[in-house]
Amino acid sequence: MSPPSPRHASSRSPVPWPLSCSARRLLGALLALLLLLGVVFTPRPALASEPQQAVLAGGCFWCLEHDLEGLNGVLEVVSGYSGGDLANPTYAQVSAGGTGHQEAVQVRFDPALISYPTLLRAYWRNVDPLDGAGQFCDRGDSYRPVIFTSGGDQQAQAEASQESAAQALTVEVSALQVAIRPLQRFWPAEAYHQNYADQNGTSYGYYRWACGRDRRLRAVWGDQARAADPW
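Quick look at the structure, then. All of these numbers come straight from a predicted model, not from anything done at the bench.

1. Remarks on the state of the cysteines
Taken as a whole and judged by the stated rule, the model has one disulfide. Residue pairing for Cys 137: its cysteine sulfur links by disulfide to Cys 211, the two sulfurs lying 1.9 Å apart. Looking along the S-S bond of the Cys 137-Cys 211 disulfide, the torsion reads about -105 degrees, which is the left-handed sense. Remark: Cys 211 occurs in helix H7 (residues 201-211) and Cys 137 occurs in the loop between strand E4 (134-135) and strand E5 (138-139); sequence separation between them is 74 residues. On the basis of relative accessibility, which here comes to 9%, the residue Cys 211 falls in the buried class. As a non-bridged cysteine, Cys 60 has Cys 63 as the owner of its nearest cysteine sulfur, 3.8 Å distant.

Following this line, the structure appears as structure tokens:
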């Protein structure tokens, strides 16, 4: 009698061993822990700094706009008016006097790249802080230098920059004619005043030279003229 033939192996995959309830609960807890660790330790992109604003008056707004817009961290500079009570002032009204407004610029900047004190250093070295009756060849109250502050922090930093400027020039603080005032409102100037230096290079260059702005800055600040370097 022939020996019995062996059974043929089944083509079906073997059935996995079933997990107990406790094992399933343990596996679920481990998966939840792994997901939690992934959430906690996954690197997140750094939050962008919220842009801040400064309003500064320093004579001709064409010049101050051009001087500050090239600083690293400055996002935008807008020419306009501030300091007076007249709403929606025009260039003709401000230039004629009596509005209380000064030609000013609104500087929008990234505080992660340039701090307010650094911006103020650049401002001081782009104005004649000893002249409160105007700036360079432009005379009258609408051209006087003013730092318009927003809030207590800017006020304190502006006053600290005033002390530093006085020390750098070896004069008393009382000799400085840059006013520090709370900002009420900034009014943008007419469109043809914006980016004037870039759009009217020849006439701007002649005006700046004829006004003697850079000559006076060098006379006051020496090698530090127009610079944002530390005091």
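2. Structural notes on the packing of helix H4 (residues 116-124) against helix H5 (residues 151-169)
Here H4 crosses H5 at 45 degrees, and the two axes come no closer than 10 Å. With respect to their mutual orientation, H4 and H5 come out oblique. Note that H4 runs across H5; the crossing there is right-handed. Of the residues in H5, those in contact with Tyr 116, Pro 117, Leu 120 and Trp 124 of H4 are Gln 154, Gln 157, Ala 158, Ser 161, Gln 162 and Ala 165. Among the residues making up the contact of H4 with H5, the classes are represented as six nonpolar, four polar and no charged.

3. So, the pattern of salt bridges
With the rule as written, the count across this model stands at seven salt bridges. When the shortest N-O distance is used, the salt bridge between Asp 67 and Arg 208 registers 3.1 Å. One end of the pair, Asp 67, is in helix H2 (residues 61-68); the other, Arg 208, is in helix H7, with 141 residues separating them in the sequence. Put simply, Arg 226 and Asp 214 hold a salt bridge, and the shortest N to O gap is 3.7 Å. In this pair, Arg 226 is assigned in the segment after helix H8 (213-221) and Asp 214 in helix H8, connecting sequence segments 12 residues apart. With a relative accessible area of 40%, Arg 226 lands in the partly exposed category. Sharing partners across several salt bridges, the network here consists of Asp 67, Arg 208, Arg 213, Asp 214 and Arg 226.

4. Things to note about the packing of aromatic side chains
Summed over all chains, the structure comprises eight aromatic pairs. When the ring of Trp 62 is compared with that of Tyr 207, the centres are 5.7 Å apart and the planes differ by 80 degrees; the resulting orientation is edge-to-face. Of this pair, Trp 62 sits in helix H2 while Tyr 207 sits in helix H7, and the two are 145 residues apart along the sequence. With a relative accessible area of 15%, Trp 62 lands in the buried category. Ring geometry for Tyr 123 against Trp 124: centres 6.2 Å apart, planes inclined by 70 degrees, an arrangement best described as edge-to-face. In this pair, the class of Tyr 123 matches that of Trp 124, namely buried. Taken together, the aromatic side chains of Phe 61, Tyr 81 and Tyr 91 make up a single cluster linked through ring pairs. Sitting over the face of the ring of Trp 231, Arg 125 holds its NZ or CZ atom 4.7 Å from the ring centroid.

5. Considering unusual backbone geometry
If you check the backbone angles, Asn 88 has positive phi at about 50 degrees while not being a glycine. Within the secondary structure, Asn 88 is located in the loop between strand E2 (74-82) and helix H3 (91-96). Residue classification places Asn 88 among the exposed residues on the basis of a relative accessible area of 57%. For Arg 226, which is not a glycine, the phi torsion comes out positive at approximately 70 degrees.

6. A look at the sheet that holds strand E8 (residues 186-188)
With mixed pairing, the six strands of this open sheet are ordered in space as E7-E6-E1-E3-E2-E8. Strand pairing shows two members of the sheet lacking a second neighbour, strand E7 (179-182) and E8, which therefore form its edges. Mean inter-strand twist for the sheet, computed between neighbouring axes without regard to direction, equals 35 degrees. Note: E2 against E8, three bridges, orientation antiparallel. Paired with Gly 80 across the bridge in E8 is Pro 188. H2 contacts strand E1 (52-57), E2 and strand E3 (102-109) of the sheet and is inclined by roughly 165 degrees relative to E2. Docked against the sheet, H5 engages E1, strand E6 (146-149) and E7, running at close to 155 degrees with respect to E6.

Criteria and cut-off values
Residues numbered from 1 in each chain as written. Predicted model: local features only at pLDDT ≥ 70, side-chain atom pairs only at ≥ 80, totals over all residues. Heavy atoms only, no water. Disulfide = S-S within 2.5 Å. Helix = DSSP H or I, 4+ residues; strand = E, 2+ residues; numbered from the N terminus. Buried < 20%, exposed > 50% of the residue type's maximum accessible area, 1.4 Å probe, protein only. Axes fitted to C-alpha atoms, helices over the stretch in contact; angles between N-to-C directions. Parallel < 35°, antiparallel > 145°, perpendicular 65-115°, else oblique. Left-handed = near helix turned anticlockwise from the far one by under 90°. Contact = heavy atoms within 4.5 Å. Nonpolar A, V, L, I, M, F, W, Y, C, P; charged D, E, K, R; others polar. Salt bridge = Lys/Arg side-chain N within 4 Å of Asp/Glu carboxyl O. Phe/Tyr/Trp six-rings, centres within 6.5 Å; stacked < 30°, edge-to-face > 60°. Lys NZ or Arg CZ within 6 Å of the ring centre and 35° of its normal. Pairing = 2+ DSSP bridges.

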